[in-house]
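Fold and contact review
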There are 2 protein chains.
Amino acid sequence: MFASGVDHERLTSQLRFILETDKLKRILRRNMLVDGSRRENDAEHSWHLALTARVFAEYAPEGTDIDRVVEMLVLHDIVEIDAGDTFVYDAQDSVSQPERERSAADRIYSLLPEDQAAHARALWDEFEERTTPEARFAKAIDRLAPMLANWHTEGGTWVRYGITAAQVREKVKTIAEGSEALGAYALALTEDAARRGYLR
Amino acid sequence: MFASGVDHERLTSQLRFILETDKLKRILRRNMLVDGSRRENDAEHSWHLALTARVFAEYAPEGTDIDRVVEMLVLHDIVEIDAGDTFVYDAQDSVSQPERERSAADRIYSLLPEDQAAHARALWDEFEERTTPEARFAKAIDRLAPMLANWHTEGGTWVRYGITAAQVREKVKTIAEGSEALGAYALALTEDAARRGYLR
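Residues numbered from 1 in each chain as written. Chains lettered and ligands numbered in written order. Predicted model: local features only at pLDDT ≥ 70, side-chain atom pairs only at ≥ 80, totals over all residues. Heavy atoms only, no water.

Per an unreviewed UniProt entry, chain A is named 5'-deoxynucleotidase, and its organism is Nocardiopsis gilva YIM 90087. Of the comments in the UniProt record for chain A, the one headed Catalytic activity (unreviewed entry) reads "a 2'-deoxyribonucleoside 5'-phosphate + H2O = a 2'-deoxyribonucleoside + phosphate". Note on chain A: under the UniProt heading Subunit (unreviewed entry), the record states "Homodimer." (UniProt positions renumbered as here; feature names shortened; annotations may be inferred.)

Now the structure itself:
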């Protein structure tokens, strides 16, 4: 059932990966949509990050390759198909997170043809290790997005889980590492949220 | 509540756009997730297309800029926040679609700062007009994705809406315009679906 001139085995691997990653649409995050109607899933979250990274590109350090940032963001949550979403303020769950996510990366990226699997895995490792401006900016966008949603839903998960301003300020540091401007904005948002009583 | 050294008005416009586009997560398409559990929304669909375009990059004509394809795919459905999803086989709805989507593009992209609004609008126009290899490949990916979902859910929307093989073959032409290999694969998939009784 394949086109002529195409490597069937290769195309089959690619299709298997594409179908498998459909499952990301069923992985729910803690935070809600901005209208508060329901929890956000990882796939739509990843789309919104890709869009946000592009819109905020000017706040990345000079020379940051935004196309690579977007590629990273499109890939970065796929491991959660197996590992599940880890709430950023869940200290206990966060301990086992790296191992769970590495196993997931081993399985899921390996569905791709070898060259593509290696490329995706390297990008995901880079994102996790934050060793490049692209990875740090991608992580900053990933951290900023739920803050925006929380602020616009009168505290959202901050209120629901009794998160403190000190805890959020800690996360803001990661944003500042990726983007000075977005770090400063996130800090101002945090202080404002504290004043409004959205944070303990 | 803004960072120093940042143009407040500009950042406010960008934030407004980012928050507005959260609504794409609530626009439902006709097709289901691959596991058949629920209808797909536009935001998660856009994510999956961005991923698929990257995985299938090698099937684009030589010289196609996949980063631009991905940028287009991330943006292309935002107009549906106002215009709603138009079922590709709904002939009546398709008549009013261009006008509805143009009005939506006028409103939503204009939330961005002027330079970014012009860039996003030009990309969307290019996608709609299919005047470049990037636009044609993006459209091919957009057309191929629901076919994969339908084939893997025993016919999905094809069965539900009584779609014929001739109707699908017509859509396959658009895929072939963007990618010879994916067009050939889509045609083979269509003939197989017809044999299996997924198509009238």
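Turning to the pattern of salt bridges, a few remarks are in order. All names here are of chain A. Taken as a whole and assessed by the stated rule, the structure comprises 45 salt bridges over all chains. As a salt-bridge pair, D106 and R121 come within 2.5 Å of each other at their nearest N and O atoms. Taken together, the positions of D106 in helix α5 (residues 91-109) and R121 in helix α6 (residues 114-129) put the pair 15 residues apart, joining distant regions of the chain. Accessibility expressed as a relative area gives 44% for D106, which makes it partly exposed. For R121, a relative accessible area of 19% translates into the label buried. (Salt bridge = Lys/Arg side-chain N within 4 Å of Asp/Glu carboxyl O. Helix = DSSP H or I, 4+ residues; strand = E, 2+ residues; numbered from the N terminus. Buried < 20%, exposed > 50% of the residue type's maximum accessible area, 1.4 Å probe, protein only.)

Let's shift gears to the interface of chain A and chain B. At the junction of the two partners, chain A supplies 53 residues and chain B supplies 53 residues. Each partner contributes to the roughly 4800 Å² buried at the junction of chain A and chain B, and carbon and sulfur atoms together form 69% of this total. Summed over the shared surface of chain A and chain B, the result is eight salt bridges. At the boundary of chain A with chain B, the tally comes to 30 residue pairs in polar contact (both at pLDDT 80 or more). (Contact = heavy atoms within 4.5 Å. Buried area = accessible area lost by both parts, 1.4 Å probe. Polar contact = N/O pair within 3.5 Å; in protein donor to acceptor, adjacent residues only side chain to side chain.)

Take the confidence of the model for chain A next. Chain-level statistics for chain A give a pLDDT mean of 94 and a share of 98% at 70 or above. On the interface metric, ipTM, the complex scores 0.95, and its pTM is 0.95. (pLDDT = per-residue confidence, 0-100.)

With that out of the way, let us pick up the UniProt feature "domain: HD/PDEase" (unreviewed entry) in chain A. In the numbering adopted here, UniProt assigns the feature "domain: HD/PDEase" (unreviewed entry) to residues 38-156 of chain A. The distance from the first to the last C-alpha atom of residues 38-156 of chain A is 11 Å, and the span holds 70% helix and 3% strand.

Turning next to the pairing of strand β1 (residues 28-32) of chain A. Across two bridges, the pairing between β1 of chain A and strand β2 (residues 39-41) of chain A is antiparallel. Looking across to β2 of chain A, one finds that L28 of chain A is bridged to N41 of chain A. (Pairing = 2+ DSSP bridges.)

Let us now look at the relation of the copies chain A and chain B. After a rotation of 180° and a shift along the axis of 0.0 Å, chain A superposes on chain B with an RMSD of 0.0 Å. Taken together, the turn and the small shift mark the pair as related by a two-fold rotation axis. Interface overlap between copies is the fraction of interface residues in one copy that are interface residues in the other; for chain A against chain B it reaches 100%, indicating a shared surface. (Least-squares fit on C-alpha atoms with pLDDT ≥ 70 in both.)

This part takes up the packing of aromatic side chains. Overall, the coordinates contain six aromatic pairs over all chains when judged by the stated rule. Ring centres of F87 of chain B and Y161 of chain B lie 4.8 Å apart, and the angle between their planes is 50°; on these two criteria the pair is classed as tilted. Of the two residues, F87 of chain B sits in the loop between α4 (80-83) and α5 (91-109) while Y161 of chain B sits in the loop between α8 (156-160) and α9 (165-178), which places them 74 residues apart along the sequence. Given the relative accessible area of 36%, Y161 of chain B is considered partly exposed. One aromatic cluster is present, built from ring pairs that chain together F87, Y89 and Y161 of chain A. (Phe/Tyr/Trp six-rings, centres within 6.5 Å; stacked < 30°, edge-to-face > 60°.)

Within the largest apolar cluster, 127 residues are counted, with the highest numbers of intra-cluster contacts made by F56, I78 and W158 of chain A together with F56, I78 and W158 of chain B. Excluding anything up to four places from it in sequence, W158 of chain B contacts Y89, M147, N150, W151, I163, V168, A193, Y198 and L199 of chain B. (Core = buried A, V, L, I, M, F, W, Y, C linked by side-chain atoms within 4.5 Å.)

This paragraph deals with α6 of chain A. The end-to-end C-alpha separation of α6 of chain A is 22 Å, in line with the 22 Å expected for 16 residues at 1.5 Å each. Looking only at α6 of chain A, the buried set comprises Q116, A117, A120, R121, L123, W124, E126 and F127 of chain A. Buried residues along α6 of chain A sit against α1 (8-20), α3 (66-75), α5 and α7 (133-151) of chain A together with α2 (42-55) of chain B. R130 of chain A, located one to two residues past α6 of chain A, shows a positive phi value of around 50°. (Expected span 1.5 Å × (residues − 1).)

Most peptide bonds adopt trans geometry, and most residues besides glycine take a negative phi value. Non-glycine residue R130 of chain A carries a positive phi angle of around 50°. Residue class for R130 of chain A comes out partly exposed when judged on its relative accessible area of 28%. Phi angles above zero are rare outside glycine, and E154 of chain B is one such case at about 50°. Along the chain, E154 of chain B turns up in the loop between α7 (133-152) and α8.

The subject of this paragraph is the side chain of Q14 of chain A. Summarising the element assignment, Q14 of chain A is placed in helix α1. The buried category is assigned to Q14 of chain A, whose relative accessible area is 0%. Engagement of the side chain of Q14 of chain A in a polar contact is seen with the side chain of Q116 of chain A, the distance being 3.1 Å. Every residue in contact with Q14 of chain A, bar those within four places of it in the chain, is listed here: P113 and Q116 of chain A together with V55, F56, E58 and Y59 of chain B.

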